[in-house]
Amino acid sequence: MRETSPTVTGRVLACFHDEWEVALSGGDIIRCRIRGRQFTKLPDGRKPVVPGDLVELSLLRDGSCVIERVLPRETVLSRLLPGRRRPAEQIIISNVKQLVTVASLGAPSLNRRLLDRFLIISEVAELHSVVVFNKTDLVPEKEWRPAAAAYEDAGYEVIPTSATNGTNVDRLASVLAGTFSVLAGPSGAGKSSLLNIIRPGLGLRVKEVSKKSGKGKHATTNVTVFRIGDGTLVADTPGFRELGFWRIRPSELDYLFPEFRDHIARCRFRGCSHSHEPDCAIKEAVETGALNAARYDSYLRLLEELKEGA
Ligand SMILES: Nc1nc2c(ncn2[C@@H]2O[C@H](COP(=O)(O)OP(=O)(O)OP(=O)(O)O)[C@@H](O)[C@H]2O)c(=O)[nH]1
Ligand SMILES: [Mg+2]
Ligand SMILES: [Zn+2]
């Protein structure tokens, strides 16, 4: 006789050491394990089930639940698992449609390289990307406007916000409405603070930024999915210190800068790396100002990094 009842489906909200928090299709939120101890961890410590996953579970006689199967993932947002000798993929979250990168304009100051890294992993995952410039209360607009323009010219919507005085928080809320988004960005940027305003009662922990280092203190420690409205899911993430790329070839990096795409075909050489070749349409566009020089600089640095790793 089977010990289990028919399966139910659910959405994984968060992962803990060897337990997963799952929202069942009926609405209940439960903690459960995975069928078979050998699946609890992959050999290098990665999780076989990640936040965002849709799963099938069995309800056991004793009232507990086990995850039997992960349904095919529509999207995966990945990075290189840090601190490993052998490269491995860490899936940050699955099934999201949109990445909202929250950058801090001051305390900590704007880190455009890290922002570019988030945008690239979003392009790889084929997600819609929105950029939030938070803490507008700390920095005058004339100082951040050129950076905002660079991302707008690249095709990204930029939302300047302040969690302190509420600027544009309603605009961010409307961008989140009706879809599944993930908020990412450095520690201390204000991801949890913004979500706390959008959904009072969420009560996410926030921590003031260290005065000494100017860095966030990692208030959020786990990727967690919240349902904040009908059809609206949003995930809060810890600020990642490192965002290494998982399986990006140097030759495909140019395509991951969306504003480069229209120019690439006009380079003299196919497979132009836009670094040293003559008659390069990207370099020409940077010289005329049609492409942003800081984004191009980011491209060159990341290209070198990918070549070294290749
Ligand atoms: N001045 C100002 N401070 C803000 C703003 N948004 C957040 N903060 C402060 O910045 C600090 C960090 O905010 P958090 O919401 O914890 O940042 P986080 O991005 O969630 O950080 P992690 O969870 O560590 O990744 C807190 O002291 C917040 O009060 C803002 O718009 N303006
Ligand atoms: Mg947080
Ligand atoms: Zn070129």
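This is a predicted model, so every value here is computed, not measured.

Thresholds, definitions, all that
- Residues numbered from 1 in each chain as written.
- Chains lettered and ligands numbered in written order.
- Predicted model: local features only at pLDDT ≥ 70, side-chain atom pairs only at ≥ 80, totals over all residues.
- Helix = DSSP H or I, 4+ residues; strand = E, 2+ residues; numbered from the N terminus.
- Rg over C-alpha atoms; globule rule 2.2 N^0.38 Å.
- Buried ≥ 20, exposed ≤ 12 C-beta atoms within 10 Å, placed from the backbone.
- Contact = placed C-beta atoms within 7 Å.
- Pairing = 2+ DSSP bridges.
- Axes fitted to C-alpha atoms, helices over the stretch in contact; angles between N-to-C directions.
- Domains from an automatic or database assignment.
- Nonpolar A, V, L, I, M, F, W, Y, C, P; charged D, E, K, R; others polar.

Regarding its fold elements, the chain presents seven helices and 13 strands. Scaling as 2.2 N^0.38, a compact globule of 310 residues should have a C-alpha radius of gyration of about 19 Å, and the chain matches this with 21 Å. When burial is assessed residue by residue, the chain has 35% of its 310 residues classed as buried. Of all intrachain contacts in the chain linking residues separated by at least 6 positions in sequence, the fraction that spans at least 24 positions is 63%.

Across the five residues of strand β13 (residues 232–236), four count as buried, placing the element largely inside the fold. Pairing between strand β11 (residues 180–184) and β13: four bridges, direction parallel. Bridged to leucine 183 within β13 is aspartate 236. Taken together, the five bridges between strand β12 (residues 224–229) and β13 define a ladder with antiparallel strand orientation. Bridged to threonine 224 within β13 is aspartate 236. With antiparallel pairing between neighbouring strands as the criterion, β12 and β13 make up a hairpin whose turn holds two residues, including glycine 231 at a positive phi of roughly 70 degrees.

Moving on to the sheet that holds strand β10 (residues 157–160). The mixed open sheet is built from six strands, whose spatial order is β10-β9-β8-β11-β13-β12. If you trace the sheet from one side to the other, it starts and ends with β10 and β12, each paired once. Averaged over neighbouring strand pairs, the angle between their axes works out to 25 degrees when direction is ignored.

If you trace the backbone, glutamate 304 turns up in helix α7 (residues 293–309). When the C-alpha positions of glutamate 304 and glycine 27 are compared, they lie 48 Å apart, and in sequence the two are 277 residues distant.

Glancing now at the domain arrangement of the chain. Assigned domains within the chain: domain 1 (4–72), domain 2 (77–236) and domain 3 (250–309). The gap between the C-alpha centroids of domain 1 and domain 2 is 27 Å. Taken together, the 11 residues of domain 1 in the interface contact 15 residues of domain 2. Among the elements that line the side of domain 1 that touches domain 2, the one with the most residues is strand β1 (residues 4–15), at three residues. Residue composition of the side of domain 1 that touches domain 2, by class: six nonpolar, one polar and four charged.

On to the pairing of strand β2 (residues 20–24), then. With four bridges joining them, β2 and strand β3 (residues 29–34) adopt antiparallel strand pairing. Residue tryptophan 20 lies in a different strand from β3, and its bridge partner there is cysteine 32.

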